[in-house]
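Observations on chain architecture
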Amino acid sequence: MSFRSMNSPSEIVWWIGDQPVFASKHSPTASPNSSNYSGMNESVIVVPARGTKTPTTRAKMPGISSCSSPEILSKIENASPDTAKRVAVQLYGRLKSHGLREEARDAVLREDRGGEGLKGDDEEKEEERKKIEELLGMEYLLKDGFVSYLRDMVRITPPIPQQVVRFSGIKYSRKFEISSDGYATFGNKLLGCFFAPLRSLFRRKNTTELQILKGVDGYVMPGSITLLLGPPGAKSSLLETIAGKVRSGKSSVMEGDVTYNDKSASDIRLSRLIAYVSGQLNKHIPLLSVRETLEFARDCTQGLRPENFTPQMRKFFAHALVEGQDPFLEYVLQILGLKGVEHELAGEAISDTDRQKLTTAELALGTYSIMLYDQPFSGSDPAATYDLVDTIRTISRIQQSSAVMSLTQLSQEVFDLFDRIILLGDGHVLFQGPRQDAIPYFANLGYLKPSHVESGEFLEDIVAGEGSQYLAQGANPLSLDELAECYKSSDHHLDVMRIVKGEDVTHTYWIESEPGLGLSLKTPSKYDSSISPEPRREMELVVAKLSSKVGHSGGIESTGRVQVGDLVTGISINNEELRYLAVGSKRTRHERVFQVYSMLRGARGHVRLQVERYKEEEDEYQSQWNQFQRPFVQTWWKSTKTLIRRQLKITKRLHMLIKLRLFQAIILGVFAGTLFYKLGGQYKQQSMNSVRALGFVSTMSIMLINLVQLPLYMLQRPIFYKHRSQRFFRASSYTVAHCVVNLPQTFIEALAYTVCIYFPVGLSLEGNGLLFFYYLILLFLVAYFGSSVFFFLGAISSIPEVGNALAGLIVSIFLLFSGFVIYPSNIPLYWKWLVYVNPIHWANVSFCDLQFSKGYTDPCSKYLNQMPFCDQFPTMTVGKAYLAFNELSDDSGKPWLPYVILLGWTAITILSALVALKKIEFTGTSSSLPQLKKTPVISNYREDTENGWCSSDGYDEFPDKSSISKHARPRTPMSGPSVVEDVGGVGNWIEEFRLDMEWGRLGLPVVPVTLLFLDISFTRYDARLKERVQVFNSITGYAKPGTMLALLGGSKASKTTLLKCLSGRVPPDGSLNGEVQANGYNLSNAFSRVVGYVEKLDAHQPYLSVRESLLFSAGLRLDRTISSMSRHIHVELILDQLGLKLYANQLVGSLRDATGKTFEIAKKITIAVELAANPSVLFLEEPISGLDAAGISNILRILSHVSASGRIIVATLTHPNARALSFFHQALILTQDSRQGYFGPIGFNCNELLIYFTSIPKVPQYFQTQSPITFAMGALGLGIKRRGTPLADFAEIYQSSSLCGTNRKEISSIKRLNKQWKLRTVNSTYPTPYIRQAGLVLLRTQRFLWRNVQYTYGRLIGCVMIGLLMGSLYFQIEYRDIYGVTSRTLYIYMQIILIGVISANNVIPQIGTDRLVYFRERRAGMYLPIFYPVSWAVGEIPYFLIATLAVVGIGNGMAGIATGTASEFLVYWLTLFVFTVCVTYFGMMLTFLAPVPTLAAFATSIVTSIWVSASGVVVVFSDIKFYKWVYWSNPFQFAMNALTSISFFCETKKCGLDCRCPRLPDGSYVWDRLASTRALSKGRIDLDMATLAGMCVLFAGLAFLFFVLLKHNSPPLR
């Protein structure tokens, strides 16, 4: 809203948009005086108010000459009652929102004073008074609008320290290492292990330096909002530099100075003053509601709380405080429109727009002086962006904070909200100055903005080097370097440098014309009198009198409140470019001041002022500044309590996960208790061995229960980084909160597990049950230690794959050196230290010491010749003899030592996590995506673009914008050269390829399709309303070959659903009525073969190259009659046409941030993948969402070029600009209630669309300065600024219009002509045979695994580490005694545990990595669904062969197990391989069975723990009472039996005197002892291997079955 006055200063005209309306008259009041201003000798000139134009300049103001006040007054007087009512309602709403409720009300009622009017006025006042009395809390405080509320609030609350940010000479460059190795694969990683050292000796490092910023100067002033335009990399680098986030390092160099109120970044707490928000950081904890998220942000960043309010503040906020409301929180919820979703979780329950609002709300609650936004609203529609920017502007005005924003898809309405523009190009500043001066500045350089092109689009085109299209006749194009030089010689740059280089900090404000504002000349006050005693002749223009409007000066259009004595340093009259009065020589400044002063005497136009005020150090703000110097708002204790409350809320929301963990603890406890049932207290060596094993099993199980927390810790980590950078809390508080919240949960799990085990097993109850509590405390400490370990891993792991690998390695170390799987006497000297620092070892020692020394008190003399350890220690008790025999009694005299060690290691782990959280930050996209060492930016781009394949040169070949906008006769695919046929000659191939390139055509014939949709409607059941709702209703239209149709208006859901129905993808949760026809026939299976559907989500396989992605799509979706050569030609043409040749051989996942055009490239790939199917109709969901102006133009030019080949393009668009919409031939616009409001041509620059809407009587007048599409959507009530009730029933108007009649005739004509083009009938469901589908899907999955080195190579490295660790630990242990034999057998046991458990768990997260890609491919009907899991099952086989070979070759080779003969080694390797595949398929089966991966992880953990315990090792088969069925259905048991038999079998029955079979000291054979104890049999090896193979088939078959049949594995309803 703006205002302009009429011919007298007291006659005010208020403007709503571009509509002037008389409001009221105000009498001038006395102006306040300033104590700092005196000695004014010249007369005061009153600045003319807005609207009183100087006649000589009237013609220079486009779009305003037809809006003179008499015309508007006449229109209002002659307006219909409906029009007058509508204008009054709009006026009242606008003024109320800006705190001018009473003025608006008086203006409306002024003409009705006296008589009945006065009576009606009194009645209305009384009714309004009653309504106000009914308001409670914040509703009452906000009754006059939030601007009025904020202004009142600012008067009584402590101010935020205003910051003047000045930056000069900013240069930023980054160094990149260029390598020709390409992307990493499993193969070159494997070869690199052997040859990388040699190659590094002969290869020189080749680095290049990329200059991003090249000497940028500028400033940011309080109260202003600045728009930053330019290349994405340069914009982000400048914002990060201002935020203090850029530092010089090995790979980057930053030069220049940034000061904040003349202080350097090292002198202040930047994070308390500056908030930096990136679209990548637009993340929130999904388990907290919107209100809870904001309450947490308030507690952390808002120092002023209700308990600290002054009496004056308590009085002002009384209505809110009585209702228990926080005034600051409530007004933020109100102004950002989050009140309706305040109780929704901040995850998928809210929209992307609400999530972006939530990010803004977090900052609004804080006390930040500067807010930096780096593309925070990417993907939002312009209407939502407008609301957010408007709110941020209002907050900046009231709080005198400043904001700098980098935005994409910049509408004119959003552009007009900014005060200043910084335009970057090629690292230079091309313009910096007031937003109003940007267009005139470039007009002076010869670049004229057409009326249909929006300002942001115009400026971005110039930055992109495409400004030549705007050159005036006779003007010469300028390069970016020349534009930078022009700027440096302009007054804009000189004034910027004057402020930047000035010795004193000045506050600069930009003031819109205000009635009654007086200016005068005075002698400069800021001169050094010591230089010359002579009087100065220079004069300054200063503010001498303030406006009397509404009691104070400084409206919402101005960046600050002007004061008497402020120095005027710039002035603009009648919307001309700002004239700077403080630049140039002294004589120049003197002449400019007097010239402007003379002009002002007769000026009657709109005036803009740039005023300056020296920043004075005021003592009253010192305390507030000191508060900002503190690192955090809250003290450490308060911050910790706040975080504990938040973590408790998160824990409560995770109640299902907590229940699952408790369920897991109970299940494992009950199983262990019944497995070891009544084995405690029995004086039998085997039973005592089982009790000892129970300590190992229980500590292992209770620690691994916490493994599920690792992904949760990593999920919260990006939010932690964001909050840490914004100084929400200390890392120590965050760590302590996690530790405190984990305490009760861990204790309850330990208690449940202990109770389930202790009593069924029959463990000792000596000391009145004191041992039970010792055991409980022991398990609790082990569990808590495990939780702290995974918390630490969550802090140091870059990606989940790394976290899982580290978890597996650390758990392996804990278990291997626990003292159970190898006797201490067998441990090599170089590993003994690890045993004694292992907390799990001490936990096992403590358990055994308590149970055996207290529970087995009988003397050994009773069991001589029965128990070997009693024979060795006859004078001891049985328990102590057992401890001594098993080397567990070294520290039995210090029972407290294990508890101290566990506590110490827990503290060390937590402190390590704290250090990691403070020092480490993993930013950007997940590192698990492939990374290219050589990016398009770093490569020699000019050389690449000079060849014929580069798409950048190809853009010039696209049709001109005017030609693609005009509605000429659609071009058919028959109008060009003949299509490529399958020929064998290479020469013919090249010639035809060249012809296709020249004509810009695709290499396959396009089936002509005409799309008709007749009176279609769609309804679906709304579960919330419990009734069927209409999504869209009565839609009729058509689309011909070679045309582009845009779907506009309505809601996003209605447009998208309409698009799906037109494409044949009717959502199954609703019903479609009406007819959708292709070539006059209803849609059939044949139609799906000629349709491409580009979804909004760009989901692609990251480990395929761009070319491979297209070949995969073409191979599956093109007809089987098309040869391989034709498919390749087709793909190459698509790559060229879409400008993807430069990236064709790069992996899709490596293209992020490589060129600064990530979103554009991703959208091109999505379109290309669908074009690979050679569709006749291409449907697109929001193809230009999230793109900048250059990206939008590129995408739409490509689509226009595609449609020219005879294809139909149908796309949904949300608030496109006029230029974007002009690419389309026709538009279908839905009304607010999703009926058909328009279907017809668009025309050049939307002329046809504009003619239709301006011909409707109830639609207001169109002004040339308006965008046609903004005007049309505003009339429909769907505009960016104007939203609400439509001006008329446009659906009815369209149905009765001549345009509708013309469309009906055209549809009838199409029906008659299209019967001859019936689509070919298809007999198969898929275009390609099943064998080809299977081959292509398997090849795609194999490429995924081959290039996903984080997974496959990381797993191999893990296996190598396990092999080295176990091999060195069990290195050549001999059969000298029972210790050696037991240790060697337990080697196999641990090998199976580590390989099996890790393999079963690792496959769960990996299968889900490309599930979104699978969903897209399944919706497109590309292949039989079962081939997806089959490809995973088959693709993993070679990698498991290599991984298990590494384990067996390294580990067994060092340990000397199963290495006697080659056949023995091969059989051992094959058995371990089959076992690994078996447990992996089991994990895959559970992944497809469970609806979410978390459930699959829980189930896998429980089942594998049960299998490990019941494998016949910790409890021998003869002692298993209830679970013999588990034993016989256990792959661990079959693997253990087979591998032990292979390793230890010796034909002892045929042994003679020279028998080489190993013996024990007592003379018995090792094999005989093992076979009798463990029920082993050589004859079972083949059966065990066959059983494992059968289990592989069973688990794989069930996995395939679950994947195909279960609903959650199907694509979700969209």
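Look above for the structure.
For the structure given in this document, a descriptive report is provided here. (Residues numbered from 1 in each chain as written. Predicted model: local features only at pLDDT ≥ 70, side-chain atom pairs only at ≥ 80, totals over all residues. Heavy atoms only, no water.)

Let us now look at the overall build of the chain. The helix and strand inventory of the chain stands at 62 helices and 30 strands. Within the chain, counting contacts between residues at least 6 apart in sequence, those at least 24 apart form 79% of the total. Approximately 65100 Å² of the chain is accessible, and the part contributed by carbon and sulfur atoms is 56%. (Helix = DSSP H or I, 4+ residues; strand = E, 2+ residues; numbered from the N terminus. Contact = heavy atoms within 4.5 Å. Areas by Shrake-Rupley, 256 points an atom, 1.4 Å probe, with all protein chains shown as cover.)

A few words now on the packing of helix α29 (residues 770–796) against helix α32 (residues 839–855). The description of two helices packed together rests on the angle between their axes and the distance between the axes. Across the interface, α29 lies against α32 with an axial gap of 11 Å and an inter-helix angle of 170°. When the axes of α29 and α32 are compared, the pair comes out roughly antiparallel. Across the interface between the two elements, L771, Y774, Y775, L778, V782 and F785 from α29 touch P839, I840, A843, S846, F847, L850 and K854 from α32. Classifying every residue of the contact of α29 with α32 by side-chain character gives eleven nonpolar, one polar and one charged. (Axes fitted to C-alpha atoms, helices over the stretch in contact; angles between N-to-C directions. Parallel < 35°, antiparallel > 145°, perpendicular 65-115°, else oblique. Nonpolar A, V, L, I, M, F, W, Y, C, P; charged D, E, K, R; others polar.)

A few words on the side chain of S1234. Structurally, the position occupied by S1234 is in the loop between β29 (1226–1230) and β30 (1236–1241). Of the polar contacts made by the side chain of S1234, one reaches the backbone oxygen of V1031; its length is 3.1 Å. Filtering out sequence-adjacent residues up to four positions away, S1234 remains in contact with V1031, F1032, N1033, I1035, G1050 and S1054. (Polar contact = N/O pair within 3.5 Å; in protein donor to acceptor, adjacent residues only side chain to side chain.)

A full pass over the atoms with the stated rule returns 70 aromatic pairs. Taken together through their ring pairs, the aromatic side chains of F296, Y713, F720, Y721, F728, F729, Y734 and F791 make up a single cluster. The lysine or arginine in question, R1355, covers the ring of Y1351, its NZ or CZ lying 4.6 Å from the ring centre. For the cation-ring pair, K1578 lies above F1545, with the distance from its terminal atom to the ring centre recorded as 5.3 Å. (Phe/Tyr/Trp six-rings, centres within 6.5 Å; stacked < 30°, edge-to-face > 60°. Lys NZ or Arg CZ within 6 Å of the ring centre and 35° of its normal.)

Sheet strands line up and pair through hydrogen bonds in the backbone, either parallel or antiparallel. Reading across from one edge, β22-β21-β24-β25 is the order of the four strands in this open sheet, with antiparallel pairing throughout. The open sheet has two edge strands with one neighbour each: β22 (1027–1039) and β25 (1081–1082). Inspection of the sheet shows strand β21 (residues 1011–1022) paired to strand β24 (residues 1070–1078) by eight bridges, in the antiparallel sense. In the strand pairing of β24, L1012 is matched with Q1077. Strands β21, β22 and β24 of the sheet are contacted by helix α40 (residues 1052–1063), whose axis makes an angle of about 60° with β22. Helix α50 (residues 1298–1313) contacts β21 and β22 of the sheet and is inclined by roughly 70° relative to β22. (Pairing = 2+ DSSP bridges.)

An order of β26-β27-β28-β23-β29-β30 is seen for the six strands of this open sheet, with the pairing classed as mixed. The open sheet has two free edges, formed respectively by β26 (1091–1094) and β30, since each of these has just one partner strand. Across the sheet, the mean angle separating the axes of adjacent strands is 15° when strand polarity is ignored. For β29 and β30, the ladder comprises five bridges, and the chain directions are antiparallel. Across the sheet, the residue bridging to I1229 is Y1238, located in β30.

On inspection of all chains with the given rule, the structure shows one disulfide. Each sulfur in the disulfide pair C860 and C870 lies 2.4 Å from the other. A torsion of -65° about the S-S bond marks the disulfide between C860 and C870 as left-handed. Taken together, the residues C860 in the loop between α32 and α33 (868–872) and C870 in helix α33 connect sequence positions ten residues apart. An identical accessibility class is assigned to C860 and C870; each is buried. (Disulfide = S-S within 2.5 Å. Buried < 20%, exposed > 50% of the residue type's maximum accessible area, 1.4 Å probe, protein only.)

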